[in-house]
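The lines below spell out each chain.
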Amino acid sequence: MSSAAAMPTAIALAVVKTLVLLVGGVITFFAYKAYRRTRQPALGYLSLGFGLVTLGLVLAGMLYEILGVPLMTGILLESLLVLAGFLVIARSLYVT
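Rules and cut-offs
- Residues numbered from 1 in each chain as written.
- Predicted model: local features only at pLDDT ≥ 70, side-chain atom pairs only at ≥ 80, totals over all residues.
- Heavy atoms only, no water.
- Helix = DSSP H or I, 4+ residues; strand = E, 2+ residues; numbered from the N terminus.
- Rg over C-alpha atoms; globule rule 2.2 N^0.38 Å.
- UniProt positions renumbered as here; feature names shortened; annotations may be inferred.
- Salt bridge = Lys/Arg side-chain N within 4 Å of Asp/Glu carboxyl O.
- Buried < 20%, exposed > 50% of the residue type's maximum accessible area, 1.4 Å probe, protein only.
- Polar contact = N/O pair within 3.5 Å; in protein donor to acceptor, adjacent residues only side chain to side chain.
- Contact = heavy atoms within 4.5 Å.
- Axes fitted to C-alpha atoms, helices over the stretch in contact; angles between N-to-C directions.
- Parallel < 35°, antiparallel > 145°, perpendicular 65-115°, else oblique.
- Nonpolar A, V, L, I, M, F, W, Y, C, P; charged D, E, K, R; others polar.
- Patch = residues over 30% accessible without salt bridge, like charges linked within 9 Å, V, L, I, M, F, W, Y side chains within 5 Å.
- Areas by Shrake-Rupley, 256 points an atom, 1.4 Å probe, with all protein chains shown as cover.

1. Quick notes on the overall build of the protein chain
Looking only at helices and strands, one finds three helices and zero strands in the protein chain. When the helices and strands of the protein chain are listed from N to C terminus, the series reads α-α-α. Against the compact-globule benchmark of 12 Å for 96 residues, the protein chain has a radius of gyration of 16 Å, which places it well outside the compact range. Along the longest, intermediate and shortest principal axes, the C-alpha atoms of the protein chain span 55 × 20 × 20 Å.

Now the structure itself:
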């Protein structure tokens, strides 16, 4: 695939990742706001989990484009953060 043909895909990916960051940030903000209002530990874990997932979902491309980290390394770090976020979210469901 030529670089000219890859350009629309790269732009679409950047737009989608930006939207993921915005929506994930809003969800994280509302979960944290609910935690601050209620002081329920489960909501604190939930906001942390959503924050980790959101960060993980945008990290690989940022590391690759900005810092020159190999793409596979960025994807590994992304996946680890998403996994950690999901584990924290799962933990939030069991906090009493």
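There's more to say after this.
2. Thoughts on the UniProt feature "transmembrane region" (unreviewed entry) in the protein chain
Mapped onto this numbering, the UniProt entry gives "transmembrane region" (unreviewed entry) at residues 6–31, 43–64 and 70–90. Here residues 6–31 is 100% helix and 0% strand, with 37 Å between the C-alpha atoms at its ends. Along residues 70–90 one finds 95% helix and 0% strand; the C-alpha atoms at either end are 30 Å apart.

3. Examining the pattern of salt bridges
One side chain can pair with another of opposite charge once the charged atoms of both are near each other. By the definition in use, this model includes one salt bridge. For Glu78, the salt bridge is made with Lys17, and the minimal N-O distance between the two is 3.4 Å. Pair noted here: Glu78 is in helix H3 (residues 71–92) and Lys17 is in helix H1 (residues 3–38), with a separation of 61 residues, a long-range link. Looking at Glu78, the relative accessible area reads 13%, which means it is buried. Judged by its relative accessible area of 28%, Lys17 falls in the partly exposed class.

4. Quick notes on unusual backbone geometry
Most peptide bonds adopt trans geometry, and most residues besides glycine take a negative phi value. A positive phi angle, close to 60 degrees, is found at Arg39, a residue other than glycine. With respect to the helices and strands, Arg39 occurs in the loop between H1 and helix H2 (41–67).

5. Notes on the side chain of Ser47
The residue Ser47 is located in helix H2 in this model. Looking at Ser47, its side chain comes within polar contact range of the main-chain oxygen of Gly44, at 2.9 Å. Not counting residues up to four positions away in its chain, the partners in contact with Ser47 are Thr28, Ala31 and Tyr32.

6. With respect to the packing of H2 against H3
At their nearest, the axes of H2 and H3 sit 7 Å apart, and the two run at 170 degrees to each other. In terms of orientation, H2 lies roughly antiparallel with respect to H3. Tallied by class, the residues present in the contact of H2 with H3 amount to 22 nonpolar, five polar and two charged.

7. Here's the deal with a nonpolar patch on the surface
On the surface, a cluster of nonpolar side chains totalling about 650 Å² of accessible area is made up of Met7, Ile11, Val15, Leu19, Leu22, Val23 and Ile27. In this fold, Ile11 is placed in helix H1.

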